[in-house]
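What the coordinates show
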Amino acid sequence: MLEIVLGDRYKIIELVGVGGMALVYKAEDLILKRLVAVKVLKEQFVKDEEFSNQFELEAQSAASLSHPNIVNVYDVGSEDQGDKRYHYIVMEYINGKTLKDHIVEKGHLSNLELIEYSKQIAAALEAAHKKNIVHRDIKPQNIMITDEGIVKVTDFGIARISTSATITYTSSILGTVHYISPEQAKGKYIDNKSDLYSLGIVMYEMSTGEVPFDAENSVGIALKHIQDRVVPPRIHNPELTSRINDIILKCLEKNPADRFQSATALMRAFRAKDLFDQSEAAPRVGPMRKQRANQPEKRNVAVYKSAESEPNAEAANRSRGTFRTKVLPILLALILVTTGFFVIMNLRENVFFRKTTVPNVTERSEPDALFMITDAGLKYSIDRRTHDTIARGYIISQTPSAGTKLKENAIVSIVISEGIQEKEMPKYTGMTREEALNAAQTDGLTIDAEEMQHSDTVEAGRVIGQYPEAGEMINSKTKISLTISLGKEETYILMPELLGSAEGTALRAIVDAGLVVGEVERQYSSEYPEGTVMWQSYDPEAQLKPNTSVSLVISRGEQKQEAPVEQLPPNTTDLTAADGDNNLAKSVYQFQIEPPTDGETFVVRITKMTAEGSELEVYNREHEVGGGSFTLNFKDYAQSHYKIYYDGELVKEL
């Protein structure tokens, strides 16, 4: 791939790194004349179109991040060159090395260096989490250290898809599995606290030179993340301060609720005054006697005198005898009494009645607290209780309070937190919404969110889903959400456009749409041709429920203007030939009309048979029903065969 220019801008110079899903090249930006890093998706992933699209979308999301401790993303692109397709991300080029290389070189880092790097990584995570971007793959290989000692976290954006694509528990992703959180290993919901767990693993490795969990295969490592307790890093590195040890262990809690709840909270912990305090590791030193300054050394001096120097030896002997037998015993008795008095007073002050100050162990970790109490010459008694705010393994309270003076070996009672009390999530599915809310209140839980959703099987108002699911372990701070049924989703049919359609076409369209044909009327129209729809009971595209009845009016076409027929007096009752000539003479014809019994109007149509055998319409008009029977009279040239229709139905032939 060397010498290839991507995007007509980025000239590839050399390969500088190989990752699980991409190759990293050093390249030159031909426009801005600067070095950049180009991450190119491996060929096996390019063939997966969904993966490639997600790669580009996530990289574009990462490009929105701007922070001194995050590698800048400059550009994202994809193109074909020859028979190959390239998906690439253009990033800031870093002069330096990975944190992994740095750890390997040094074995383990000092407390100061560990905290300095951890602060910068946490600052990068804080910036990303505020934009709702979770890295998902924090590990030393994804953290660069510049030549100036500045941390740069890389692979924001593509971590989301690299996790789903590569965590298949194979040897190819062994490095990633060493740093995944328990919830990642379980395939559960991942949030910002998962990144903090991974950072805890990185801190552990910085402090000890090794990861806390290892096994022969990826599945074994993942299971250890889920099940095994962490050996405190201070066991491997006694130089690690107690406070840093506690911070790492808090990041590595199995339950996300027991970890730091945000990168901001973790950074606050880094600012603790006793972060680098190693006084608790200092060995105990017993009381030492000190010789007074400038006190001369006492020496025994023997004075020899010759016998000749004593004027009266016998008197001297008698005097010495009296001293030995009478005075010396008295002096010795006085010395013993005095010495005994001072010895007793000294013992009373320094042994039997010696006092010590109770240290402040509240909110300290259990190992720290026990060390501080015993180091002060005191004993302890322990009680354990659940607590909503103080993490498991830390001191809730102490009796007596800090600063109290006690005799040595007196007992200090401490209460150690077991963390938030957990219990199984109750089952609320199947309950009505009101029943579920009341049950949650009784259980001491709060419903934080409700979602409404249609269901074909659960009636409206009942719970069809819950998070967490019944049986999962929760505590009083767990956020609980319910999904409430809206019942079956109403389906609507759009009313078709029927105006101008032929009658048969319109009727089929109504039935095919899932509607029902209602009343069909017919009226004259000068606008719509005969036999077409001139009116529909619902407007086109109106939303109708299935089986809604739709009425139509069908056009009769334009009404014909018939030539007026001479009318005879209304009291003519019989049909006769007026002139007696049935062939040529004009005749008066009378038709007795009996109106139907229902409806308001009816159409009377009269036809006669022509010589050719076809029907010729001679009358077609609408009449009111309520007018009673009446007679139609008109003249014609010859008697013929007539048919009378009511509303198109044959009722009489003459």
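Heads up: the structure comes first, above all this text.
This text gives an overview of the structure that appears in the document.

Reading the values: the criteria
- Residues numbered from 1 in each chain as written.
- Predicted model: local features only at pLDDT ≥ 70, side-chain atom pairs only at ≥ 80, totals over all residues.
- Heavy atoms only, no water.
- 1 Å grid on protein atoms, 1.4 Å probe; cavity = no way out; pocket = protein on both sides within 12 Å on 5 of 7 lines; lining within 4 Å.
- Points joined across faces, edges and corners; volume = space filled by probe spheres on them.
- Helix = DSSP H or I, 4+ residues; strand = E, 2+ residues; numbered from the N terminus.
- Nonpolar A, V, L, I, M, F, W, Y, C, P; charged D, E, K, R; others polar.
- Phe/Tyr/Trp six-rings, centres within 6.5 Å; stacked < 30°, edge-to-face > 60°.
- Buried < 20%, exposed > 50% of the residue type's maximum accessible area, 1.4 Å probe, protein only.
- Arc of directions from axis to C-beta.
- Axes fitted to C-alpha atoms, helices over the stretch in contact; angles between N-to-C directions.
- Parallel < 35°, antiparallel > 145°, perpendicular 65-115°, else oblique.
- Contact = heavy atoms within 4.5 Å.
- Pairing = 2+ DSSP bridges.

In this structure, the largest pocket encloses a volume near 1,600 Å³. Along the wall of the largest pocket there are 42 residues; nearest its centre are Lys193, Asn255, Pro256, Ala257 and Asp258. At the level of elements, helix H7 (182-186), helix H11 (242-251), helix H12 (263-270) and strand S18 (473-474) are the ones that each hand at least two residues to the lining of the largest pocket. The element that contributes the greatest number of residues to the lining of the largest pocket is H11, accounting for 4 residues. Considering only residue class, the lining of the largest pocket consists of 17 nonpolar, 6 polar and 19 charged.

What the rule picks out here adds up to 2 aromatic pairs. Residues Tyr10 and Tyr88 carry aromatic rings whose centres are separated by 6.5 Å and whose planes lie at 65 degrees to one another, so their mutual orientation is edge-to-face. One end of the pair, Tyr10, is in strand S2 (residues 10-18); the other, Tyr88, is in strand S6 (residues 84-92), and 78 residues separate them in sequence. Comparing Tyr10 with Tyr88, the two get one shared label, buried. Ring centres of Phe602 and Tyr646 lie 5.2 Å apart, and the angle between their planes is 65 degrees; on these two criteria the pair is classed as edge-to-face. Taken together, the residues span a long stretch of sequence, with Phe602 in strand S26 (residues 601-609) and Tyr646 in strand S29 (residues 642-646) at a distance of 44 residues. Phe602 gets classed as buried once you look at its relative accessible area, which sits at 0%. When its relative accessible area of 14% is taken as the criterion, Tyr646 is described as buried.

Moving on, we get to helix H3 (residues 99-106). Looking only at H3, the buried set comprises Leu99, His102 and Ile103. Viewed end-on, H3 has its buried residues packed into an arc of 100 degrees, placing them on one side of the element. In H3, those exposed residues whose orientation departs by more than 90 degrees from the buried face are Val104 and Glu105. Phi turns positive one or two residues past the end of H3, at Gly107, with a value near 85 degrees.

Helix H8 (residues 192-208) packs onto H3 with a crossing angle of 25 degrees between their chain directions and a minimal axis gap of 9 Å. Relative to H8, the element H3 lies roughly parallel. Residues Leu99, Lys100 and Ile103 of H3 lie in contact with H8, whose contacting residues are Val202, Glu205 and Met206. Its residues placed into classes, the contact of H3 with H8 shows 4 nonpolar, no polar and 2 charged.

Attention now goes to the sheet that holds strand S4 (residues 34-41). Where strands meet in a sheet, backbone hydrogen bonds hold them as pairs that are either parallel or antiparallel. Reading across the sheet, the 6 strands line up as S1-S2-S3-S4-S6-S5 and stay open at both edges, with antiparallel pairing between neighbours. Each edge of the open sheet is held by one strand with a lone partner, namely strand S1 (5-6) and strand S5 (73-81). Across 8 bridges, strand S3 (residues 22-29) lies against S4 in antiparallel orientation. What sits directly across from Asp29, in S4, is Arg34.

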